[in-house]
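Take a look at the letters that make up each chain.
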Amino acid sequence: MPKLIGAIAVLAFLLSGAWLLHDGVSRRDLLQMEVIAGAALVSVGVVTAVLLLRDWIKWKRELAKYREYREG
């Protein structure tokens, strides 16, 4: 269940960040706050995706070790 929530969060961060980046770049804004916010959300999404992938790979390795232990 936490992996599903993480995947939904990654998707939400990436999509909202991309939308803010696109919307912020297409308008003239002196402070460029939408661009900064979009870039921050995209980076949070990428970091979260990397952490989820690392955790999933670690889980698969541990599962393989457990199955090997149970068989032999």
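As a reminder, the structure under discussion sits directly above these lines.
The structure displayed is predicted, hence computed values, not measured ones.

(A) Just the pattern of salt bridges, in detail. Across all of its chains, the model carries 2 salt bridges by this definition. Among the ionic pairs, Lys3 bridges to Asp55, the shortest N-O distance being 3.1 Å. A residue pair is termed long-range when its members are at least 10 positions apart, and Lys3 in helix H1 (residues 2-26) and Asp55 in helix H2 (residues 33-71) qualify at 52 residues. Taking the relative accessible area as the measure of exposure, Asp55 reaches 37% and is therefore partly exposed. Of the charged contacts, one joins Glu62 and Lys65 as a salt bridge, the two residues approaching to 3.9 Å between their closest N and O atoms. On the criterion of helical spacing, the pair formed by Glu62 and Lys65 is a turn pair, its members being 3 residues apart in helix H2.

(B) Spotlight on the environment of Gly17. Mapping Gly17 onto the fold places it in helix H1. For Gly17, a relative accessible area of 0% corresponds to the buried category. For the pair formed by Gly17 and Gly38, sequence separation is 21 residues and the distance between their alpha carbons is 3.9 Å. The residues contacting Gly17, other than those within four sequence positions of it, are Gly38, Leu41 and Val42.

(C) Looking closely at the packing of H1 against H2. Axis separation between H1 and H2 bottoms out at 7 Å; the angle between their running directions is 155°. The angle between the axes of H1 and H2 places the two elements in the roughly antiparallel class. Judged by the sense of rotation from one axis to the other, the crossing of H1 with H2 is left-handed. Split into classes, the residues belonging to the contact of H1 with H2 amount to 18 nonpolar, 7 polar and 4 charged.

(D) Structural detail: H1. End to end, H1 covers 36 Å across 25 residues, agreeing with the expected 36 Å (1.5 Å per residue, within 8%). Buried within H1 we find Gly6, Val10, Gly17, Leu20 and Gly24. Of the surrounding secondary structure, the elements contacted by the buried residues of H1 are H2.

Conventions adopted
Residues numbered from 1 in each chain as written. Predicted model: local features only at pLDDT ≥ 70, side-chain atom pairs only at ≥ 80, totals over all residues. Heavy atoms only, no water. Salt bridge = Lys/Arg side-chain N within 4 Å of Asp/Glu carboxyl O. Helix = DSSP H or I, 4+ residues; strand = E, 2+ residues; numbered from the N terminus. Buried < 20%, exposed > 50% of the residue type's maximum accessible area, 1.4 Å probe, protein only. Contact = heavy atoms within 4.5 Å. Axes fitted to C-alpha atoms, helices over the stretch in contact; angles between N-to-C directions. Parallel < 35°, antiparallel > 145°, perpendicular 65-115°, else oblique. Left-handed = near helix turned anticlockwise from the far one by under 90°. Nonpolar A, V, L, I, M, F, W, Y, C, P; charged D, E, K, R; others polar. Expected span 1.5 Å × (residues − 1).

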